[in-house]
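Geometric and topological summary
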Amino acid sequence: MATFPERMASVLLLWLAVSLTATLAVDRANFKTCDQSAFCKRQRALKPGESSYRALLETMELTNTRLTLQLKNDKNKVRLLLELYRLQGNITRVKINELKPLKPRYEVPDVLIREPPTEPLSLLSQDENGVVLSLGVESQRVIVSARPFRLDIMQGRDVLLSLNSRGLLAFEHLRIRKDTQADGEAEDANLANEEEAVVNEKDEEGMWEETYKSFTDSKPNGPTAIGLDFSFPGVEHVYGIPEHADSLRLKTTENGDPYRLYNLDVFQYELDNQMALYGSVPVMLAHNAQRTTGIFWLNAAETWVDISSNTAGKTVFGKMLDYVQGSSETPQTDVRWISESGIIDVFIMLGPTPKDVFAQYASLTGTQAFPPLAALAYHQCRWNYNDQEDVQSVDAGFDEHDIPYDFIWLDIEHTDGKRYFTWDANKFATPKEMLQRLMDKKRKMVTIVDPHIKVDSNYKIHNEIKSQGYYTKNKDGGDYEGWCWPGNAGYPDFSREDMRAWWASMFAYDQYEGSMENMYSWNDMNEPSVFNGPEVTMHKDAKHGDWEHRDLHNMYGLYVQKATAEGLIQRSGGVERPFVLTRAFFAGSQRYGAVWTGDNAAEWGHLKISIPMCLSMGLVGIAFCGADVGGFFKSPSSELLVRWYQTGAYQPFFRAHAHLDTSRREPWLFGPENTALIREAVRQRYTLLPYWYQQFYHTYRTGDPVMRPLWVEYTQDPATYALEDQFLIGRDLLVHPVTEEGARGVTAYLPGKEEVWFDVHTFQKHNGAQNLYIPVTMSSIPVFQRGGSIIPRKLRVRRSSPCMEHDPYTLIVALDRQRAAEGELYIDDGHTFNFEKKEFIHRKLSFANNVLSSVNLSPDAQFSTSSSVERILILGAMKPAKATLRTADGKTSQLEFDFDAATSVLTLRKPGMNAGTDWSVMLQ
C-alpha cells in the first residue's frame, strides 16, 4: 500500500501531467528573458565604442608557441591575462582570464579530445601602438592594438575577423562582498597587482543574489560574467549555435532578446524565436562567397549571443540602390557573446572552406560516433507501449503490413515506478523473453534511462549513489533533490569521473537485470529537468565538488550520454558499438551518439522547422539528428503524418514518437492508402541504407555533416545561403520534402551551373542553376541525384536491416555533362569496432571513357562480403553495342542490358560480381 508521501507525489505528478498536456504551447513566463537575467542585462547595457581595456605591451612575452600579455581595465584597475596560440590546422586560440583571481575560475574540461597541438608564432613588427604576429598561412597575421585593446586577424589587406572592435570586452572579476569584509581586508584581497589596488565598484541589482519567481540564487561568488564582441567584415550570413527552433540563417537580435544557450526542458516549444531549448553548442559559422570562418566559444555556463548587421532590414531594392549609387559600405555582421561565469576561451577556425571549418572543429572536439548500421534504419516509439503483449502486437503489425523496422522503444512506464534500470514486474515480467523474440527477427529495443533517481531506500540504484556520495549537492552540502517523474529525486553528479564509471558499470548484463545485447539506451530529461526548480532545471548554486552548477550546466547532458555510451561499450567487452539517444547536448556530444529535437508538436510548422534545426546541428558536428515523426504532442492528420514520414525518411535519425495522451498512430492505423504511402517512405529509407552508412563513415572520418545545407557544397552561390526547405545528404542527393498542407507542387532550387540532376523516381534529367517547379501528389518525395555520382542501394527490402546484410547491391550511376561519375562503397560488419582494426571494405566506383570500375581505396584493410552487384543503372547514358565485364581473376563475360531511349537509362542486368572485389564494365 502506498504511503502518504507516495500518494501525494502521484497526485502532484498527475496534476503536472494534466496541466502540461492542457497547455497549448510553452509558458514563456517559466523562462527568463535577457532583462530578467541579471548578468545578461548588465552586459547588454554596455555600449559599443567605450572600451576601458588597453593592452600593456611592455608585459608581452612571446615563446615559440604562445603570446601572453596583460590587459588593464582603466576604470577599475583590474588586470587580465591574454594568451594567444596558433594551433595546427589554421586555428587561432585566444584565452582571457583574470591575472590574479581570488580563486580559480572554471575552465571547461572533457570537451576537447586533447590539448590542441600548437604551431610556431613569430613577431613581424612592434611599436607603441601594437604588435603584428605571423600566422604562417597565406600571409595571415594577427594585429594586437594597444589602446583600446583590439585584435584583428588579417589575410593580405583583408580583415577576416576582429575581436573587441566594438569595445564590448567585459570581465567581471571575482571580489569579496563588501558587507562581509573585515576592516582592512578589502584592500589586501582586491589587489590587482603590487602597485595598484582595485577601485571599489558599485554593486548592481542581481550581482550577489538574484530572485526569479519564487527562486533565489545565492551567488556566493558574486558577479562573474564575461563578454566579448567579434566582427565579420563582408559577411551577411551566420549559422549555428543550436539549439533553437529558428531559421537556418541566424537573425539579428537588436530589437529583441539574444539567442540563448542554456539547456532547458521546454514544453512544446514555440517556433521562430531565440529561446533556449534542450541543448547548446556554442559554435557559429560565418560565410560569404570568399570564405567560411568559425567561432567556438568554449564555455558551459548560461550564454547569450547577440547578432547585429549593418545590412539588416535592408530590402533587396535598398541593396540594389546601394549598388547603383556606388555605396562603399561593406556588409558586416557583429556578434557578441555573454556568459555568466568561467573564462574567455575562444577558438577561431579560419577555414577557408566550410569543410576546412568542419575539420578544424572536429580536430578540437572529435567527430560523430560511427553508429551501428541498424541505428540508421527506422525506429518505432511512443510513450508508452503498455506491456510485453503490446510490444509483441506492434512488432507483429509491422510484419503483417510489410513495413520494415529495426528498433522498438520503451519510455518511462516500462520501469518499476520510474526506477530506472528496472522493469514493471506486472507489465514486463519476462523482458529477456521479449528481447529474445525481437532478436529472433534481428530486431532491437531501446529503453529509457534518465538521470533523476527516485529517493527510495528500497531502490538499489539510489542506495548505492547515496552511499558513495555521488549525488549533486545543494548549496548547504546536502544531497540536491528535486521533483521529476519518480516524484522526489536525486541527481547524480555526472561531472565526477568516478560517478560516470559507476553509472557505466550498471549497464553490465548482471547489473541491469533483463537486459540483453540487443537492448540500447535513451537519456531523456538530462538538461537536467527539475519540475520544481528555477526554469524547470537545477539551481545554479547547487554544487559539483568545488564548482557551482552554473559553471557547467550545459555539460550535464553530455556527461550523462558519455557515461551511458561507455556502459554499453563496456558490457560487450569493448566489442560492440553503442547506440544512445540524448535530448540535452553540448560541444563534443557527437562523440557519444544521436540527438533529437525534443518535444515537438503535430503541426506543419514543426515539420518544417525540423529541417533547419537538424541542419544547424550538422554544421556544429552533431550529424546524427532527427525529429519525432508525426509530432510528440497532439494528433496529426493523416496527410501530416504521411508527409512527416516522407521527410523523416531522409533525415539522419528516423524515429516516430508520440505523447502518452495522443491516439495511437502505428503506420497501419490510418487506412490502407496511407499505410501504403508510409510503407513506401520507410522502404525508400531501407534501400538507401548503404549510402547512409557510407555517409556516416565519412563524417566519422572528416567531421563533414551528413545532412547539409546547399551552401556547404555551392559556396559561391548566394541563392543557396538562406535555403532551409531543402538539403543535401552527402554531396550527391538533394531532397526537397513536401511540408505544406494541401501542396500540389514545390519549387526546388537545383544548384550548380555545370551540374545536372536526375529525379531518383522518374530518372528525368534537369539542368542545375534553376528553380524547378515539381507537381506533387501524396506519394511524391522530391529527391534528385547529382550527375557525376554513383550511389549504392539495396533494393530487396526485408523486415530489418540485418536481414539485408548479405543481399546484393544495385549501383545507380548518374552521369555528368562529361559523361563521368564517381562514388564509393563502404562495407563492414555493421555493429562492432572491428572497423578500427581495418576490417572493412572501402571501394572507389568510377565511370569514365565508357568504363565503370571498382578499385580498392584501402588495400591494407581486410574484410570479405558475400554480397554481389545484381544490377547497374546508368542515367544519362547512350545505348552501347555491348557491355563486357572483367572480374578480378581476369575473366570476361558479356552482360545483358536494356536501354530506355525515352529516359536515357541503361540497365545492366545480373552482372553478379562480388561487391568487395576489383572489376570493370566496358561499354562499346
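Given the structure is predicted, the values throughout are model-derived calculations rather than measurements. (Residues numbered from 1 in each chain as written. Predicted model: local features only at pLDDT ≥ 70, side-chain atom pairs only at ≥ 80, totals over all residues. Heavy atoms only, no water.)

Some details on the overall build of the protein chain
On a plain count of helices and strands, the protein chain comes out with 16 helices and 53 strands. Taking 924 residues into account, the globule formula puts the C-alpha radius of gyration at 29 Å, and the protein chain, at 29 Å, falls close to it. By its C-alpha atoms, the protein chain is 95 × 80 × 55 Å across when sized along the principal axes. Per element, the accessible surface of the protein chain, about 34300 Å² overall, is 49% carbon and sulfur. Counting 98 positive and 121 negative side-chain charges, the protein chain places the centres of these two groups 4 Å from one another. (Helix = DSSP H or I, 4+ residues; strand = E, 2+ residues; numbered from the N terminus. Rg over C-alpha atoms; globule rule 2.2 N^0.38 Å. Areas by Shrake-Rupley, 256 points an atom, 1.4 Å probe, with all protein chains shown as cover. Lys, Arg positive; Asp, Glu negative; His and termini not counted. Charge placed at Lys NZ, Arg CZ, Asp CG, Glu CD.)

Notes on the state of the cysteines
Scanning the entire structure with this criterion turns up two disulfides. A sulfur-sulfur separation of 2.0 Å characterises the disulfide bridge that pairs C34 with C40. Of note, the bridge from C34 to C40 carries an S-S torsion of about -95° and is left-handed in sense. By the burial criterion, C34 is buried, and C40 matches it. A disulfide bridge connects C614 with C625, and the sulfur atoms are separated by 2.1 Å. On the sign convention where negative is left-handed, the bridge of C614 and C625, at about -75° about the S-S bond, is left-handed. Taken together, the positions of C614 in helix α12 (residues 604-619) and C625 in strand β32 (residues 625-626) put the pair 11 residues apart, joining distant regions of the chain. Looking at C614, the relative accessible area reads 3%, which means it is buried. (Disulfide = S-S within 2.5 Å. Buried < 20%, exposed > 50% of the residue type's maximum accessible area, 1.4 Å probe, protein only.)

Thoughts on helix α8 (residues 460-468)
Among the residues of α8, I461, H462 and I465 are the ones counted as buried. Viewed along the axis of α8, the buried residues span an arc of 95°, placing them on a single side of the element. (Arc of directions from axis to C-beta.)

A short note on the pairing of strand β3 (residues 79-87)
In terms of burial, β3 is largely enclosed, as eight of its nine residues are buried. Two strands pair when backbone bridges link them, and strand β2 (residues 66-73) and β3 are joined in this way by seven bridges, in the antiparallel orientation. Looking across to β3, one finds that R66 is bridged to Y85. In this antiparallel pair of consecutive strands, β2 and β3, the connection spans five residues, and K77 shows a positive phi of 75°. Of the strand pairs in this sheet, β3 and strand β4 (residues 91-98) are connected by eight bridges, and their pairing is antiparallel. The residue bridging R86 from the neighbouring strand is T92, located in β4. Counted along the chain from β3 to the antiparallel partner β4, the turn is three residues long, and its residue G89 has a positive phi close to 85°. (Pairing = 2+ DSSP bridges.)

Observations regarding the packing of aromatic side chains
Considering all chains together, one arrives at 49 aromatic pairs under this definition. Taking the centre distance of 4.8 Å and the plane angle of 75° together, the rings of F632 and F633 count as edge-to-face. Residue classification places F633 among the buried positions, given a relative accessible area of 6%. Taken together, a centroid distance of 6.2 Å and an interplanar angle of 80° make the contact between Y645 and F654 edge-to-face. Each member of the pair, Y645 as well as F654, carries the same accessibility label: buried. Taken together, F407, W409, Y520, W522, F579, W596, F624, F653 and F696 form an aromatic cluster joined through their ring pairs. The ring centre of W692 lies 4.2 Å from the NZ or CZ of R685, which sits over that ring. A cation over a ring is seen here: K794 above Y809, with NZ or CZ 4.7 Å from the ring centre. (Phe/Tyr/Trp six-rings, centres within 6.5 Å; stacked < 30°, edge-to-face > 60°. Lys NZ or Arg CZ within 6 Å of the ring centre and 35° of its normal.)

Some details on the sheet that holds strand β35 (residues 707-708)
Reading across from one edge, β35-β36-β37-β42-β39-β40 is the order of the six strands in this open sheet, with antiparallel pairing throughout. Looking along the sheet, the strands with just one partner apiece sit at the ends: β35 and β40 (765-767). Where strand β36 (residues 727-729) meets strand β37 (residues 733-735), three bridges bridge the pair, whose relative direction is antiparallel. Counterpart to F727 in the pairing with β37 is V735.

Remarks on the nonpolar core
F296, W503, F579 and Y645 are the most contacted members of the largest nonpolar core, which has 172 residues in total. Here this core takes nine residues from α12, the largest share from any one element. If you look at the next biggest cluster of nonpolar residues, it comprises 51 residues, including I153, I226, M284 and I344. (Core = buried A, V, L, I, M, F, W, Y, C linked by side-chain atoms within 4.5 Å.)

Details of the sheet that holds strand β24 (residues 453-454)
One open sheet holds the three strands; their spatial order is β24-β26-β25, and the pairing between them is antiparallel. Two strands bound the open sheet, and with one partner strand each, they are β24 and β25 (481-484). In terms of strand pairing, β25 meets strand β26 (residues 487-490) through four bridges, oriented antiparallel. What sits directly across from W483, in β26, is N488.

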